[in-house]
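Structure at a glance
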Amino acid sequence: AQSVTQLDSQVPVFEEAPVELRCNYSSSVSVYLFWYVQYPNQGLQLLLKYLSGSTLVKGINGFEAEFNKSQTSFHLRKPSVHISDTAEYFCAVAPYNTDKLIFGTGTRLQVFP
Amino acid sequence: GAVVSQHPSRVICKSGTSVKIECRSLDFQATTMFWYRQFPKQSLMLMATSNEGSKATYEQGVEKDKFLINHASLTLSTLTVTSAHPEDSSFYICSARAGGRAYEKLFFGSGTQLSVL
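Let me sum up the structure you'll find in this document. (Residues numbered from 1 in each chain as written. Chains lettered and ligands numbered in written order. Predicted model: local features only at pLDDT ≥ 70, side-chain atom pairs only at ≥ 80, totals over all residues. Heavy atoms only, no water.)

**A look at the interface of chain A and chain B**
Convention followed: Contact between two residues is taken to exist if any of their heavy atoms lie within 4.5 Å; hydrogens are not considered. By definition, the buried area sums, over both parts, the 1.4 Å-probe accessible area that each loses when the two are put together. What makes a salt bridge here is a side-chain nitrogen of Lys or Arg within 4 Å of a carboxyl oxygen of Asp or Glu, nothing more. A 3.5 Å cut-off defines polar contacts: any pair of N or O atoms within that distance qualifies, except that in protein one atom must be a possible hydrogen donor and the other a possible acceptor, and neighbouring residues in sequence count only when both atoms are side-chain atoms.
Listed as interface residues are 20 residues of chain A and, on the opposing side, 20 residues of chain B. Carbon and sulfur atoms make up 57% of the area that chain A and chain B hide from each other, which totals about 1600 Å². Across the contact surface, chain A and chain B share one salt bridge. Between B:Glu59 and A:Lys100 there is a salt bridge, with its nearest N and O atoms 3.1 Å apart. Connecting chain A to chain B are two residue pairs in polar contact (both at pLDDT 80 or more).

**As for the nonpolar core**
Most often, soluble globular proteins keep nonpolar side chains buried together rather than apart. Note the cut-off: Among the buried residues, those of types Ala, Val, Leu, Ile, Met, Phe, Trp, Tyr and Cys that are joined through side-chain atoms within 4.5 Å form a nonpolar core. Classification of residues uses two cut-offs on accessible area relative to the type maximum, computed with a 1.4 Å probe and protein chains only: under 20% is buried, over 50% is exposed, and between them is partly exposed.
Grouped together as the largest cluster of nonpolar side chains are 28 residues, with contacts concentrated most on A:Leu33, A:Trp35, A:Leu47, A:Leu48, A:Phe74, A:Leu76 and A:Tyr89. Non-local contacts of A:Leu47, meaning those with residues more than four positions away in its chain, are made with A:Trp35, A:Tyr36, A:Val37, A:Gly59, A:Ile60, A:Phe63, A:Leu76 and A:Tyr89.

**A look at the environment of B:Ser9**
All names here are of chain B. Put simply, the rule reads: A run of H or I in DSSP becomes a helix once it reaches four residues, and a run of E becomes a strand once it reaches two; helices and strands are each numbered from the N terminus.
Along the polypeptide, Ser-9 turns up in the loop between β1 (4-7) and β2 (10-13). When the C-alpha positions of Ser-9 and Gly-111 are compared, they lie 6.0 Å apart, and in sequence the two are 102 residues distant. Not counting residues up to four positions away in its chain, the partners in contact with Ser-9 are Gly-111, Thr-112 and Gln-113.

**Details of the state of the cysteines**
Residues and elements named next belong to chain B. Rules: The disulfide definition used here is simple: a pair of cysteine sulfur atoms within 2.5 Å.
A complete count under the given rule lists two disulfides over all chains for this structure. The disulfide partner of Cys-23 is Cys-94, and the gap between their sulfur atoms is 2.0 Å. Residues Cys-23 and Cys-94 are joined by a disulfide whose S-S torsion is about 80°; by sign, that bridge is right-handed. Here the residue Cys-23 occupies a position in strand β3 (residues 19-25), and Cys-94 occupies one in strand β9 (residues 90-97), the gap between them amounting to 71 residues. The burial state of Cys-23 is the same as that of Cys-94; both residues are buried.

**Topic: the pairing of strand β10 (residues 87-95) of chain A**
Residue and element names in this part refer to chain A. Note the following rule: By this definition, two strands are paired if DSSP reports at least two bridges between them.
Counting buried positions along β10 gives eight out of nine residues, so the element sits mostly inside the fold. One ladder, built from eight bridges, connects strand β5 (residues 31-38) with β10; its direction is antiparallel. Directly across from Tyr-36, in β10, lies its bridge partner Phe-90. The pairing of β10 with strand β12 (residues 107-112) spans three bridges and is antiparallel. Looking across to β12, one finds that Glu-88 is bridged to Arg-108. Of the strand pairs in this sheet, β10 and strand β11 (residues 102-103) are connected by two bridges, and their pairing is antiparallel. From the neighbouring strand, Val-93 faces β11, where its bridge partner is Ile-102.

Taken by themselves, the reported measurements are silent on function.
As structure tokens, this is what we get:
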């Protein structure tokens, strides 16, 4: 079985500050990894994904994430956040041998001026 | 980008009534749609996978007679919560796949907040 843990339910940060949203997973099989973002009153959008290759993955809106297999982590980072980054962020995994996404509980990023 | 429309966004109903939630892919054909459920401060849990023209596949622990899923066309899937009770109150989200593996071309609706009184 797989599980995804997002350690912070809320992350408040000031505009232009760096941010890291943490994600750890547990799985007995290899997985693909994803970050989704949900803006208010909108559906989830794919930010970035790790399927294979370089462990540093760059996504949309200046976000990046690094896959660390030994620590089973896939933390999301942005060097300088904007007010418009305020949203809910979900980490997810997809086991190689299934067609399903397993989500974490989400982290609410709130950017203050 | 691809758009998935989910309706209604919010519904309040009396205990014992049935509620239908629609999920439409507006600019692409979705051979597969997924239904998720989210309780407050918990993760999205996959309820079922529906393929156009065939019966839905339900996850373990999800009552198929309670959560009726119909995927009658390549652009529409519906979830009907039958004889709803307060414990069914939750946030329901659909997603539609535009071909490929689930994670490659997967688009989400904006969700439906169901409150059962």
